[in-house]
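So the chains spell out like this:
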Amino acid sequence: MKVLIADDDARMRQMLRQTVAGVATDFCEADDGDAAVAAYAAQRPDWVLMDLRMKPTSGLAATRQIKARFPDARILIVTQYDEPDLRRAAQEAGACGYVLKENLSTVTRIVEAASQL
């Protein structure tokens, strides 16, 4: 399984890589939303782990762009922001789920469960 990790913090990308290493075999990374859209188009990963707050293009905007071009894309928002408006916006953008960075073990459970479907 290939996973795209999109986060502007290199340490967080490494932590996410380690978190899903048991279920993913291949990784690609992006440090902003524009790079995430380009990486998705080029790599076509099975999952995207997308941070929300990145510059210049946010993870929310990148999620919208990816889903518009690739409706079957599976994007999981992984963020530190637990705000109802952001959760709703992520869902409306097409994200499959929303996980707080303080609960990274949930990321593995979601990706693993979906890969068994």
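Anything mentioned here points back to the structure above.
1. Examining the overall build of the chain
Along the backbone of the chain there are five helices and five strands. For the chain, the N- to C-terminal ordering of α and β elements is β-α-β-α-β-α-β-α-β-α. Looking at the chain residue by residue over its 117 residues, the buried ones come to 50%. Contacts in the chain between residues far apart in sequence, at least 24 positions, make up 61% of those at least 6 positions apart. Entry remark: accessible area of the chain is about 6000 Å², with carbon and sulfur atoms responsible for 45%. Between the centroid of the 15 positive side chains of the chain and the centroid of its 17 negative side chains there is a distance of 2 Å.

2. Observations regarding the pairing of strand β1 (residues 2–6)
In terms of burial, β1 is largely enclosed, as five of its five residues are buried. Relative to strand β2 (residues 26–30), β1 runs parallel, the two sharing five bridges. In the sheet register, A6 faces β2, and the bridge partner there is A30. Once the chain exits β1 it traverses helix α1 (residues 10–20) before rejoining the sheet at β2, and the crossover so formed is right-handed. Inspection of the sheet shows β1 paired to strand β3 (residues 47–50) by four bridges, in the parallel sense. Residue pairing across strands places I5 opposite L49, the latter belonging to β3.

3. Digging into the pattern of salt bridges
Evaluation of the coordinates by the stated rule reveals nine salt bridges. The closest approach of N and O atoms between R53 and E83, which form a salt bridge, is 3.9 Å. Taken together, the positions of R53 in the loop between β3 and α3 (59–69) and E83 in the loop between β4 (75–79) and α4 (84–93) put the pair 30 residues apart, joining distant regions of the chain. Here R88 and D85 are joined by a salt bridge, their closest N and O atoms 2.5 Å apart.

4. A look at α1
For α1, the complete set of buried residues consists of M12, R13, L16 and V20. The buried side chains of α1 occupy one side of the element, clustering within an arc of 105° when seen end-on. Turned more than 90 degrees away from the buried face of α1, the exposed residues are R11 and Q18. The N-cap of α1, judged by a side-chain oxygen 2.8 Å from the amide nitrogen of R11 a few residues on, is D9.

5. Overview of the packing of aromatic side chains
Applying the stated criterion across every chain, the model contains one aromatic pair. Measuring from centroid to centroid gives 5.0 Å for Y40 and F70, while their planes differ by 55°, and the two rings are tilted. One end of the pair, Y40, is in helix α2 (residues 33–43); the other, F70, is in the loop between α3 and β4, with 30 residues separating them in the sequence. Of the two residues, Y40 and F70, neither departs from the other in class, the shared state being buried. For the cation-ring pair, R53 lies above Y81, with the distance from its terminal atom to the ring centre recorded as 4.0 Å.

What counts, and at which threshold
- Residues numbered from 1 in each chain as written.
- Predicted model: local features only at pLDDT ≥ 70, side-chain atom pairs only at ≥ 80, totals over all residues.
- Heavy atoms only, no water.
- Helix = DSSP H or I, 4+ residues; strand = E, 2+ residues; numbered from the N terminus.
- Buried < 20%, exposed > 50% of the residue type's maximum accessible area, 1.4 Å probe, protein only.
- Contact = heavy atoms within 4.5 Å.
- Areas by Shrake-Rupley, 256 points an atom, 1.4 Å probe, with all protein chains shown as cover.
- Lys, Arg positive; Asp, Glu negative; His and termini not counted.
- Charge placed at Lys NZ, Arg CZ, Asp CG, Glu CD.
- Pairing = 2+ DSSP bridges.
- Right-handed = clockwise from strand over helix to strand, strands pointing away.
- Salt bridge = Lys/Arg side-chain N within 4 Å of Asp/Glu carboxyl O.
- Arc of directions from axis to C-beta.
- Polar contact = N/O pair within 3.5 Å; in protein donor to acceptor, adjacent residues only side chain to side chain.
- Phe/Tyr/Trp six-rings, centres within 6.5 Å; stacked < 30°, edge-to-face > 60°.
- Lys NZ or Arg CZ within 6 Å of the ring centre and 35° of its normal.

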